[in-house]
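Per-entry structural report
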Amino acid sequence: MTDVPSIVDHLFRRSAGRMTATLARVLGADHLDLAEDVVQEALAAALTQWPYNGVPDNPEGWLYRVARNRAIDVIRKKTREISDAFAAREEATPRFAHELEDDDLQMMLMCCDGRLAPETRLALTLKIVCGFGVDEIARALLAKPEAIAQRIVRAKRFIRDNEIELTLPSRDELPKRLDSLLDVVYLMFNEGYAASAGDDLVRRDLVDEAIRLCEELCSLRVPKIHALAALMHLQRARLAARVDAAGEMLLLDEQDRSLWDRDAIACGLRHLEASAAGDELTRFHVEAEIAAQHLCEETNWPRIVELYDDLMAIAPSAVVALNRAIAVAMVDGPSVGLEAAAALEPELRDYVHFHAAIGELSRRAGDRVSAEEHFKRASELSSTLPLKRWFEKRARYGA
Amino acid sequence: MAKYMLLLRDNGTFAGISPEEIQRVIQRYGAWRKQLGDRIVSASKLRDTDGRVLHRDGSKTVVMDGPYTETKEIVGGYFLIEADSYDHAIELSRDCPHFDFGSIEIRELQPTPTA
């Protein structure tokens, strides 16, 4: 199908999020459902008009006006003030697109309230800020639609019951409030990134959405946001090179470097530079530099070990320790790495990449039995088909 | 040039459709409309709710609710287009995205005889 230039890609999904944010800002967080309903009605109205009469000159403005009018109709009986509030807002800021930034941020902060579980924050953000449908969220997060719908209903009830307000934190308070929001953005990115190519397009959309949100947040000029942007761009740069023509996974040193996305690398490095502005060193800073190190012609493994030491100091976890063990193996040899990795077994027993790492390090150390055993276990634990196939192949030939 | 009425029949199943999917449908109609260009004389969606069916019973007019969308395909919208012939009208309708949702009935408008 040829492209119709009058509607930009993902306009509906994105304006759904923006409009919900704008409307909820005026209507109040307790009217979140109403905001969502009228936005959905506006989109449905477009579906009855535009196929027959064509797309209006300003599609987003049309949608917004229809949604806004509908909202006013619904609550006119109850209150006169709300329509006045709309009028006041619109007088103050005539351009629709520009008034959204603060509203968007407030909505994101509300969806990412620290009292909600991380996966709930992610589902709610995708639904309300990014305009994903419940089925799309379910596909993207490998969950059942009913489970996602439930999670969202409960989260909204929590917001209503706890009277969580849509407010903008003060300049001093903002960086702290951002942490839970940035975690969600990174979780969104990882959910999309972890899927293999061609698995489902919606999952690739998660990567794009996470980067788009982060780019928008960069206007807040908080260095750690740039660090996260750098990290995601640098990882995204290698996305196309991660699988071969047959859809099989490739290791870093097997990847065709000409497939790396030069623009994404340049963008990532620019953000990495901007991230150095403050005095706060976050896990995103360190992880971004690790990603940058992996893009160098010759990998500087001793430097990577140092970076993992830094990361262990900031955000210690068994997964970070495992990555450190792999880097150590590159510097001091596979048996030293194996020893460090094996110590993590109690915590990582059911983690795919733990067994993958032990398998690979065993192979390099010449222990074929252990290699085969751990690659098999990794294959059993894999949730996507390409990953499963890859580990099976390793178990057969690699060991 | 002859005028043809395209009657779009469907069962009104758009419930629960996501914003992204709505946009995709609209874009496909846009591409199709572009192919037709000026040949579209007029077009409109018909409301999926309500509707009345009238008939005469003896001397009085009986009004009934319907037709109901749940039961079978009903006319959900129309396009009035200009075409050279039925074959041409069929050709123009071939790419219409509506086939994903229902069927299309094509009827030529009765031409006015030259008096």
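Rules behind the numbers
Residues numbered from 1 in each chain as written. Chains lettered and ligands numbered in written order. Predicted model: local features only at pLDDT ≥ 70, side-chain atom pairs only at ≥ 80, totals over all residues. Heavy atoms only, no water. Helix = DSSP H or I, 4+ residues; strand = E, 2+ residues; numbered from the N terminus. Buried < 20%, exposed > 50% of the residue type's maximum accessible area, 1.4 Å probe, protein only. Contact = heavy atoms within 4.5 Å. Buried area = accessible area lost by both parts, 1.4 Å probe. Salt bridge = Lys/Arg side-chain N within 4 Å of Asp/Glu carboxyl O. Polar contact = N/O pair within 3.5 Å; in protein donor to acceptor, adjacent residues only side chain to side chain. Pairing = 2+ DSSP bridges. Axes fitted to C-alpha atoms, helices over the stretch in contact; angles between N-to-C directions. Expected span 1.5 Å × (residues − 1). Parallel < 35°, antiparallel > 145°, perpendicular 65-115°, else oblique. Left-handed = near helix turned anticlockwise from the far one by under 90°. Patch = residues over 30% accessible without salt bridge, like charges linked within 9 Å, V, L, I, M, F, W, Y side chains within 5 Å. Areas by Shrake-Rupley, 256 points an atom, 1.4 Å probe, with all protein chains shown as cover. Lys, Arg positive; Asp, Glu negative; His and termini not counted. Charge placed at Lys NZ, Arg CZ, Asp CG, Glu CD. Phe/Tyr/Trp six-rings, centres within 6.5 Å; stacked < 30°, edge-to-face > 60°. Arc of directions from axis to C-beta. pLDDT = per-residue confidence, 0-100. Nonpolar A, V, L, I, M, F, W, Y, C, P; charged D, E, K, R; others polar.

**What about the overall build of chain B?**
Counting secondary structure elements, chain B contains 2 helices and 6 strands. Counted from the first residue to the last, chain B has its helices and strands arranged as β-α-β-β-β-β-α-β. Looking at the 115 residues of chain B, the share that counts as buried comes to 37%. Across chain B, every contact between residues at least 6 apart in sequence was considered, and the portion connecting residues at least 24 apart equals 77%.

**Looking at the interface of chain B and chain A**
Chain B puts 24 residues into the contact, and the matching count from chain A is 29 residues. When chain B packs against chain A, the two sides together hide about 2,100 Å² of surface, and 65% of this comes from carbon and sulfur. The interface formed by chain B and chain A includes 1 salt bridge. In this structure, Glu20(B) engages Arg13(A) in a salt bridge whose closest nitrogen and oxygen atoms are separated by 3.7 Å. On inspection of chain B and its partner chain A, the count reaches 6 residue pairs in polar contact (both at pLDDT 80 or more). Residue assignment for the side of chain B that touches chain A shows that the elements contributing at least two residues are helix H1 (19–36), strand S2 (40–45) and strand S5 (74–83) of chain B.

**Regarding the environment of Arg65(A)**
Mapped onto the fold, Arg65(A) is located in helix H3 (residues 59–76). In sequence terms Arg65(A) and Val39(A) are 26 residues apart; their C-alpha atoms lie 9.9 Å from each other.

**Observations regarding the sheet that holds S2(B)**
Residues and elements named next belong to chain B. The strand order across the open sheet built from 4 strands is S2-S5-S1-S6, with neighbouring strands paired in antiparallel fashion. Of all the strands in the sheet, the pair left with one neighbour each is S2 and strand S6 (102–108). Each adjacent strand pair in this sheet contributes to an overall mean axis angle of 20°, direction not counted. Across the sheet, H1 is in contact with strand S1 (2–10), S2 and S5; its angle to S5 comes to roughly 30°. Of the strands in this sheet, S1, S5 and S6 touch helix H2 (residues 86–93), which is tilted by about 155° from S6.

**Some remarks on helix H15 (residues 318–332) of chain A**
The α-helix winds at 3.6 residues per turn, so residues separated by three or four positions along the chain end up facing the same way. Residue and element names in this part refer to chain A. Given a rise of 1.5 Å per residue, 15 residues ought to cover 21 Å, and the 20 Å separating the end C-alpha atoms of H15 matches this to within 8%. When we look at burial in H15, the residues that qualify are Ala318, Val320, Ala321, Leu322, Ala325, Ala327, Val328 and Ala329. In this structure, the buried side of H15 is in contact with helix H14 (301–314), helix H16 (334–342), helix H17 (345–348) and helix H18 (352–365). Gly333 sits one or two residues past H15 and shows a positive phi near 100°.

**Some points on the packing of H14(A) against H15(A)**
Residues and elements named next belong to chain A. Put simply, H14 and H15 touch, their axes get as near as 9 Å, and they point 160° apart. Taken as axis vectors, H14 and H15 run roughly antiparallel relative to one another. Considering the relative orientation of H14 and H15, their crossing is left-handed. For the pair H14 and H15, the contacting residues are Trp301, Pro302, Ile304, Val305, Tyr308, Asp309, Leu311 and Met312 in the first and Val320, Ala321, Asn323, Arg324, Ala327, Val328, Met330 and Val331 in the second.

**Section: a negative patch on the surface**
Side chains of Asp30(A), Asp161(A), Glu163(A) and Glu165(A) sit close together on the surface and give a patch of like negative charge. Relative to the assigned elements, Asp161(A) resides in helix H8 (residues 145–161).

**Considering the packing of aromatic side chains**
All names here are of chain A. Enumeration over the complete set of coordinates arrives at 10 aromatic pairs over all chains. Ring centres 6.3 Å apart and planes at 15° place the aromatic pair Tyr186 and Phe189 in the stacked group. Of the two residues, Tyr186 and Phe189 are both situated in helix H9 (residues 174–194); the distance of 3 residues between them amounts to about one turn of the helix. Across this residue pair, the class does not change: Tyr186 and Phe189 are buried.

**Details of unusual backbone geometry**
The residue Arg221(A) is not glycine, and still its phi comes out positive at about 55°. Structurally, Arg221(A) can be placed in the loop between helix H10 (201–217) and helix H11 (223–236).

**So, helix H12 (residues 262–275) of chain A**
All names here are of chain A. A rise of 1.5 Å per residue sets the reference length of H12, with its 14 residues, at 20 Å; its end C-alpha atoms lie 20 Å apart and thus fit the reference within 8%. Within the span of H12, buried status applies to Ala264, Ile265, Cys267, Gly268, His271, Leu272 and Ser275. Along the axis of H12, the buried residues cluster in a sector spanning 165°; they form a single face. Along H12, the residues that are exposed and aim more than 90 degrees away from the buried face are Arg262, Asp263, Arg270 and Glu273. The N-cap residue of H12 is Asp261: its side-chain oxygen and the backbone nitrogen of Asp263 are 3.0 Å apart.

**Notes on the confidence of the model for chain B**
Averaged over chain B, the pLDDT score is 88; the fraction of residues at 70 or greater is 94%. Prediction confidence for the complex, expressed as pTM and ipTM, is 0.67 and 0.74 respectively.

**A few points about the pattern of salt bridges**
Residues and elements named next belong to chain A. This structure, assessed with the given rule, holds 33 salt bridges over all chains. When the shortest N-O distance is used, the salt bridge between Arg212 and Glu216 registers 3.0 Å. Taken together, the residues span about one helical turn, with Arg212 and Glu216 both in helix H10 at a distance of 4 residues. Residue Arg212 is classed as buried on the basis of its relative accessible area, which comes to 17%. Salt bridges here are not isolated pairs; linked through shared partners, they connect Asp33, Glu36, Lys127, Lys156 and Arg160.

**Quick look at the packing of H9(A) against helix H13 (residues 283–294) of chain A**
Residues and elements named next belong to chain A. Running from amino to carboxyl end, H9 crosses H13 at an angle of 30°, the nearest separation of the two axes being 12 Å. Compared by their axis directions, H9 and H13 come out roughly parallel. Here Leu182, Asp183 and Tyr186 of H9 come into contact with H13, specifically with Arg283, Phe284 and Glu287. Here the contact of H9 with H13 is composed, by residue class, of 3 nonpolar, no polar and 3 charged.

**Comments concerning the side chain of Gln235(A)**
Note that Gln235(A) resides in helix H11. Beyond its immediate stretch of four places on either side in the chain, Gln235(A) contacts Tyr186(A), Phe189(A), Asn190(A), Tyr193(A) and Ala291(A).

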